[in-house]
Amino acid sequence: MKVLKFGGTSVANAQNIKLVLEIVNQKAKQDQLVVVVSALSKVTDLLQLAAAKAAANDESFREVVAEIEKKHLDTLKELIPVSEQSSLLSHVKRIINHLETLLDGCFLLGELSPRTADTILSFGELLSSFIIAKAYEQISKDAVYKDSRELIKTDNNFGKAVVNFEVSNKLIQEYFAENKAKINIMPGFIAQTLDGITSTLGRGGSDYTAAIIAGAINAEQLEIWTDVNGMFTANPKIVKQAQPIANISYQEAMELSHFGAKVLYPPTIQPVLRKNIPILIKNTFEPEAEGTLISNQISSKDTVVKGISHIDHISLLTLEGPGMIGVAGSSRRLFEVLSQEKINVIFITQASSEHSICIGILNSDADNAEAAINRAFEIEISQNKIDPCYVEKDLCIIALVGENMKNHQGLSGRMFSTLGKNNVNIRAIAQGASERNISTVINERDVKKALNTLHENFFEENTKQLNLFVMGVGNVGEKFIEQIHNQRKFLKDNLKINVRVIALSNSRKMIFDEDGISLKNWEAALSEGEPASIDGFIKRAEELNLRNSIFVDITANATVSEAYEKFLKESIAVVTCNKIACSSAYDNYKKLKSLSRQYNAPFLFETNVGAGLPIIDTVKNLIASGDKVHKIQAVLSGSLNFIFNNFDENNSFHDVVKEAGVQGFTEPDPKIDLSGIDVARKILILIRESGYEMDIDAIANESFLPAECLATTNNEDFFASLIKHAAHFENIYKEALAKDSRLKYVAQFENGNASVGLQFIPKDHPFYNLEGKDNIVLFYTDRYVDQPLLIKGAGAGAAVTASGIFADVIRIGNV
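Since the structure is predicted, the reported quantities are computational estimates derived from the model, not experimental observations.

A.B. asks: Could you give an account of the overall build of the chain, naming the residues involved and the relevant values?
C.D. replies: Within the chain, the regular secondary structure consists of 29 helices and 30 strands. For 815 residues, the compact-globule estimate of 2.2 N^0.38 gives 28 Å, and the chain exceeds it by more than 25% at 36 Å. Dimensions of the chain along its principal axes, counting C-alpha atoms only, are 115 × 70 × 55 Å. Put simply, of all contacts in the chain between residues at least 6 apart along the chain, 72% involve residues at least 24 apart.

A.B. asks: With reference to specific residues and values, describe the packing of aromatic side chains.
C.D. replies: Per the counting criterion, the structure on display carries 23 aromatic pairs. Note on F647 and F653: the rings are 5.3 Å apart at their centroids and 75° apart in plane angle, and the pair reads as edge-to-face. F653 matches F647 in its accessibility class, with the two residues each being buried. Aromatic ring contacts, followed pair by pair, group F469, F512, F537, F551, Y564, F567, F603 and F605 into a single cluster. It is R274 that lies over the ring of F165; its NZ or CZ is 5.4 Å from the centre. Across the ring face of F719, the terminal group of K658 is positioned such that the distance to the ring centre comes to 4.3 Å.

A.B. asks: Quick one: what's the story with the pattern of salt bridges, residue by residue and with numbers?
C.D. replies: Under the criterion given, the structure shown has 36 salt bridges. Residue E341 pairs with R375 through a salt bridge whose shortest N-O separation is 3.9 Å. On the criterion of sequence distance, the pair formed by E341 in the loop between α10 (330-340) and β13 (347-350) and R375 in helix α11 (residues 363-376) is long-range, its members being 34 residues apart. In this structure, R436 and E403 form a salt bridge, with 3.0 Å as the shortest nitrogen-oxygen distance.

A.B. asks: Give a detailed account of the packing of helix α2 (residues 43-55) against helix α3 (residues 61-79), specifying residues and quantitative values.
C.D. replies: One way to put it is that α2 packs onto α3 with a least axis distance of 8 Å and a crossing angle of 155°. Taken together, the axes of α2 and α3 lie roughly antiparallel to each other. Note on packing geometry: the crossing formed by α2 with α3 is left-handed. For the pair α2 and α3, contact is made by V43, L46, L47, L49, A50, K53 and A54 and by F61, V64, E67, I68, K71 and H72, respectively. Looking at the contact of α2 with α3 residue by residue, the class counts come to 9 nonpolar, 1 polar and 3 charged.

A.B. asks: Explain the environment of Q15 to me, using residue names and the numbers behind them.
C.D. replies: Mapped onto the secondary structure, Q15 falls in helix α1 (residues 14-28). C-alpha of Q15 to C-alpha of E78: the two residues are 63 residues apart in sequence and 8.5 Å apart in space.

A.B. asks: Outline helix α25 (residues 677-689), listing residues and values.
C.D. replies: Because an α-helix completes one turn every 3.6 residues, residues spaced three or four positions apart along the sequence face the same direction. Taking 1.5 Å as the rise per residue, α25 with 13 residues should run 18 Å; its terminal C-alpha atoms sit 18 Å apart, in good agreement. Across the 13 residues that make up α25, a large majority, 12, are buried. Of all the positions in α25, only D678, V679, A680, R681, K682, I683, L684, I685, L686, I687, R688 and E689 are classed as buried. G691 occupies a position one or two residues after α25 and carries a positive phi of about 100°.

A.B. asks: How would you explain the environment of V263 if you had to name every residue and give the values?
C.D. replies: Summarising the element assignment, V263 is placed in the loop between α8 (250-258) and α9 (269-273). Residue V263 is classed as buried on the basis of its relative accessible area of 16%. Each C-alpha atom, one on V263 and one on A253, is 9.9 Å from the other, the two residues being 10 residues apart in sequence. The contact partners of V263, leaving out residues within four places of it in the chain, are D207, I224, T226, V228, G230, M231 and I281.

A.B. asks: Account for the sheet that holds strand β19 (residues 497-505), naming residues and giving values.
C.D. replies: Taken in spatial order, the 7 strands line up as β21-β20-β19-β18-β22-β23-β24 in an open sheet, and their pairing is mixed. Whereas interior strands pair on both sides, the edge strands pair on one side only; in this sheet they are β21 (530-531) and β24 (603-604). Here strand β18 (residues 464-471) runs beside β19; their pairing, made up of 8 bridges, is parallel. Across the sheet, residue V470 finds its bridge partner in β19, namely L504. Those strands touched by helix α15 (residues 475-495) are β18, β19 and β22 (549-553), and its axis lies near 155° from that of β19.

Parameters and conventions
Residues numbered from 1 in each chain as written. Predicted model: local features only at pLDDT ≥ 70, side-chain atom pairs only at ≥ 80, totals over all residues. Heavy atoms only, no water. Helix = DSSP H or I, 4+ residues; strand = E, 2+ residues; numbered from the N terminus. Rg over C-alpha atoms; globule rule 2.2 N^0.38 Å. Contact = heavy atoms within 4.5 Å. Phe/Tyr/Trp six-rings, centres within 6.5 Å; stacked < 30°, edge-to-face > 60°. Buried < 20%, exposed > 50% of the residue type's maximum accessible area, 1.4 Å probe, protein only. Lys NZ or Arg CZ within 6 Å of the ring centre and 35° of its normal. Salt bridge = Lys/Arg side-chain N within 4 Å of Asp/Glu carboxyl O. Axes fitted to C-alpha atoms, helices over the stretch in contact; angles between N-to-C directions. Parallel < 35°, antiparallel > 145°, perpendicular 65-115°, else oblique. Left-handed = near helix turned anticlockwise from the far one by under 90°. Nonpolar A, V, L, I, M, F, W, Y, C, P; charged D, E, K, R; others polar. Expected span 1.5 Å × (residues − 1). Pairing = 2+ DSSP bridges.

Bear in mind that shape data such as this cannot, by itself, settle questions of function.
Structure below.
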């Protein structure tokens, strides 16, 4: 014989019930069945609401009753032929009338006792099981309805009654010894005291009903039919990549169900565990899916961690003080107080010094527990031997569960390291001697990030998901997004990196999508986005609180660069081509680097110098390996190199600067390039990365632009001034020709002094043959004395800059 239990979503409406009837009909061809059903979806909640309203003298409880009545009558009408409906509809209405009478009593008395509440809540299962039994009679007459209250007996602890297994098992066995019907349909959740009063087995107790029956009759198998494909490695509503678990032990299932896996009601497993009866979790809506088999079979080939689960709405209570050290009975008194208040303790941890003990309970019990504990230890608190109970609310317990965890070293470290890297603060830790469970308490706002991070680490073949928040989608930004779109599959297949763009913003609009923005039509989506706001962008990134988040700044905006500190403090990595932050005041530069280390949030800016060239990375490696930089000579502006390589007697200075802008070589404001400030920022960053302290006002900037050009405040005036002073630029060019030299804008650092300016480069100099938009850097160090370390290549352009930003993102993915 097999026992099948169908949950509320499986019997939510007539359409779903038809699926249930088909499953039962197919199963009945091979086995004798007991079918246990829950109330129709949401009906138990409606019954609770009606009872609460009635007890509060709120007449609107009648509207709730009317909704319950309509839901059941509509379901019955859809399942039963019209010719057979009359008597059944009358029966349902009689049950509803009985319910309304009870609620009238609550309304008149203005109270709701636990006993009455149990009776009211029982109507959901009584109605659903009656309707389903009558509906199955349309398929087969070889089925009977049995009220489970006649078989399962409990004590008087209304709300969560304790089963009297001795009496219940005897009644169940006697009933099935006499009854040989092919199918027995019963309500779940409800039971009866020995003196005949209706009781309930707690929310989710329909699973328990089925397990009690299965255990009593030594069923071949207990099947729990729900709306998911079994137990998952994590909650699939929170972790999209969660996978069904094919096989799991009773103990592992107990741990996962205790820590919030909603598929099973925690006490369910006990009655079948003693009899080694396997439990199969199946999906009503995908009956062909494998599901999860719970048994006592443990394979050494199983994954080390079977699942990650959690419990929300937890409060942490701490009792501590020197008066607890070496004092026998402190813990007993604490738990005795909680027991007397009927408060369930979910989590316990105690320091070996006995100085403190920490417990986790539900938020709803926290205030009551705090008051009761302070009363119990009132004398010790008044004598300053023990501190008043300290309560932290809105926390969450996360648990790693696995039978094989005890055979593997380093799992705790791996778990804590994974959480720490994503700035998830651990408030408390507990692990039993069985090592089947490692539990941690964290802030509730971090639960989604924590679950996804742990799942990624333990279940996803080391695939690391990077969540990008991109600000700036101009020439470089467009290329960056295009490169991500083209390389996503390669990165996932070869580097195990899954890159998702969560947010995009330009100066006008911004969009967010927690599941990742489609990069095929992002322009259209952005045009329909909400108004752009830097503060709003930061706030949304913080609220989403996603793991492995990276803020990508592809602007030249000073205000945006000021936001880096906020991102780093949220453990959000920063990748930027914006040079303003790293060339700002030295103290700010050092603070950002320090925050990066403190919050384990990478701060990468390779494209600040040389676009996609590995210049900054090379300097970092030199310094890290013990080398010392003494002198730097460089052409660091690809835009200026392009301009002076193309400026001649046939191309005016104005026209060449215009063309550089069209090709994306200059900043949106070309004066930033031509004034020398951009080059000064770049050499400053290299100086700082070489280990020297310097600010930008210490760099001599010998500008070749006339004062009038430097004084302009917009691009239109700037380009007009270039035309006006064309003769000035022609004279510079003619002087270079006369000296048989080429014009290069050179940055230099030596003996603590730095300068940037236009220079006449002779033919024998390494910079002379620098073509197009190329950059070149010469590093003279302890190790590179006679022949400098030379880095040369394209130093401007949207594509190469985008590739440099992309490379920084990948660096973070490889950490």
